[in-house]
Amino acid sequence: MRYAYVLWFCFLLFLGFPRNIFHKPSIQVNADLGLIQKTCRFTNNYDLCVSILESNSSSFNTDTKGLAIVIASAGIANATATSTYLSSRLLNSNGEAIPKKVIRECVDKYKYAGGALEASTQDLAMESYDYASMHVMAAAEYPSACHNAFRRYSGLAYPVEIQRREDGLKQICDVVLGIIDLLFSES
């Protein structure tokens, strides 16, 4: 009998529990999606911008400056992943045609790119948009130094996978720069 009262109490408690506590109202998400779309229209790569921002839940609870930080963070992830990829190539380069010196240089350049993007997020947080812009431009150029390291060795082809990653990082940096330009115009 006592068990029945406990079950009945739990049932009533469940009915009275607010169900929307774990669900975001769709009105707020739509408003934030509007900010994402509006912001991304100011970049040279709308689709990439929207894709990155929609894939990060913090994009739906921030302002334009926060959206720039989210995109810069995606660039940091790209640079870190590329540095890690190149480091693994360095460890497994026995007998490969790519000299270890070239791979080491590329590892360093992608680490520097990640560091420059990290600095840009701090600049953005402090609303130092000119410094943020300089750091993002530097991050976009570091992969070119890697590409140039391959060019210094005649007959050494630039690997397609590294080219793909370089292009991705440059596109992400271009999106961040577009949002920074928007922030300049709003300030």
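No experiment lies behind these values; they were computed from the predicted model shown.

Colleague: Would you mind showing me how to read the overall build of the protein chain here?
Modeller: When helices and strands are counted, the protein chain shows 7 helices and 0 strands. Along the protein chain, helices and strands appear, N-terminal first, in the series α-α-α-α-α-α-α. Looking at the protein chain as a whole, 41% of its 187 residues are labelled buried. Taking contacts inside the protein chain between residues at least 6 apart in sequence as the whole, the part at least 24 apart equals 69%.

Colleague: Where do I start with the packing of aromatic side chains in this structure?
Modeller: Tallied over the entire structure, the rule returns 3 aromatic pairs. Residues F150 and Y158 carry aromatic rings whose centres are separated by 5.2 Å and whose planes lie at 80 degrees to one another, so their mutual orientation is edge-to-face. One exposure class covers both F150 and Y158, and it is buried. One cation-aromatic arrangement involves R165 over Y85; the distance from NZ or CZ to the ring centre is 4.3 Å.

Colleague: Quick question: what am I supposed to make of the nonpolar core here?
Modeller: Generally speaking, a soluble globular protein has its nonpolar side chains buried in company with each other. The biggest cluster of nonpolar side chains holds 46 residues, and the ones touching the most others in it are L53, I71 and F150. Taken together, the elements giving at least two residues each to this core come down to α2 (26–40), α3 (46–54), α4 (64–91), α5 (100–125), α6 (129–151) and α7 (160–186). Of all the elements, α7 adds the most residues to this core, at 10 residues. Discounting residues that sit within four places of it in the chain, F150 has contacts with I98, V102, C106, L156, A157, Y158, P159 and I162.

Colleague: Teacher, can you tell me more about the packing of α6 against α7 here?
Modeller: The packing of two helices is summarised by the inter-axis angle and the distance between the axes. Where α6 contacts α7, the two axes come as close as 9 Å, and the packing angle between them is 165 degrees. Taken together, the axes of α6 and α7 are roughly antiparallel relative to one another. Our pair here, α6 against α7, has a crossing hand that is left-handed. Of the residues in the contact of α6 with α7, the class split is 17 nonpolar, 4 polar and 3 charged.

Colleague: Looking at this model, I keep getting lost on the environment of L177. Mind explaining?
Modeller: Mapped onto the fold, L177 is located in helix α7. The exposure class of L177 is buried, given its relative accessible area of 17%. On a C-alpha basis, the gap between L177 and M137 in space is 7.9 Å, while along the polypeptide they are 40 residues apart. In this structure, L177 is in contact with S133, V136 and M137, ignoring residues within four places of it in sequence.

Colleague: Where do I start with the state of the cysteines in this structure?
Modeller: Every disulfide links exactly two cysteines, by a covalent bond between their sulfur atoms. Evaluated as defined, the whole model comprises 2 disulfides. One disulfide in the model links C40 with C49; its S-S distance is 2.0 Å. Judged by the torsion about the S-S bond (-70 degrees), the C40/C49 disulfide is left-handed. Per residue, the accessibility class of C40 equals that of C49, and both read buried. Here C106 connects covalently by a disulfide to C146, the sulfurs 2.0 Å from one another. Every disulfide takes its handedness from the sign of the S-S torsion; for C106 and C146 that torsion is 90 degrees, giving right-handed. Pair noted here: C106 is in helix α5 and C146 is in helix α6, with a separation of 40 residues, a long-range link. Like C146, C106 is buried.

Colleague: Hey, could you run me through the packing of α3 against α7 in this one?
Modeller: Packing of α3 against α7 brings their axes to within 10 Å, and their N-to-C directions diverge by 90 degrees. One finds that α3 runs roughly perpendicular with respect to α7. In this structure, α3 contributes L48, C49 and I52 to the contact, and α7 contributes Q171, I172, V175 and I179. Looking at the contact of α3 with α7, its residues break down into 6 nonpolar, 1 polar and no charged.

Rules and cut-offs
- Residues numbered from 1 in each chain as written.
- Predicted model: local features only at pLDDT ≥ 70, side-chain atom pairs only at ≥ 80, totals over all residues.
- Heavy atoms only, no water.
- Helix = DSSP H or I, 4+ residues; strand = E, 2+ residues; numbered from the N terminus.
- Buried < 20%, exposed > 50% of the residue type's maximum accessible area, 1.4 Å probe, protein only.
- Contact = heavy atoms within 4.5 Å.
- Phe/Tyr/Trp six-rings, centres within 6.5 Å; stacked < 30°, edge-to-face > 60°.
- Lys NZ or Arg CZ within 6 Å of the ring centre and 35° of its normal.
- Core = buried A, V, L, I, M, F, W, Y, C linked by side-chain atoms within 4.5 Å.
- Axes fitted to C-alpha atoms, helices over the stretch in contact; angles between N-to-C directions.
- Parallel < 35°, antiparallel > 145°, perpendicular 65-115°, else oblique.
- Left-handed = near helix turned anticlockwise from the far one by under 90°.
- Nonpolar A, V, L, I, M, F, W, Y, C, P; charged D, E, K, R; others polar.
- Disulfide = S-S within 2.5 Å.

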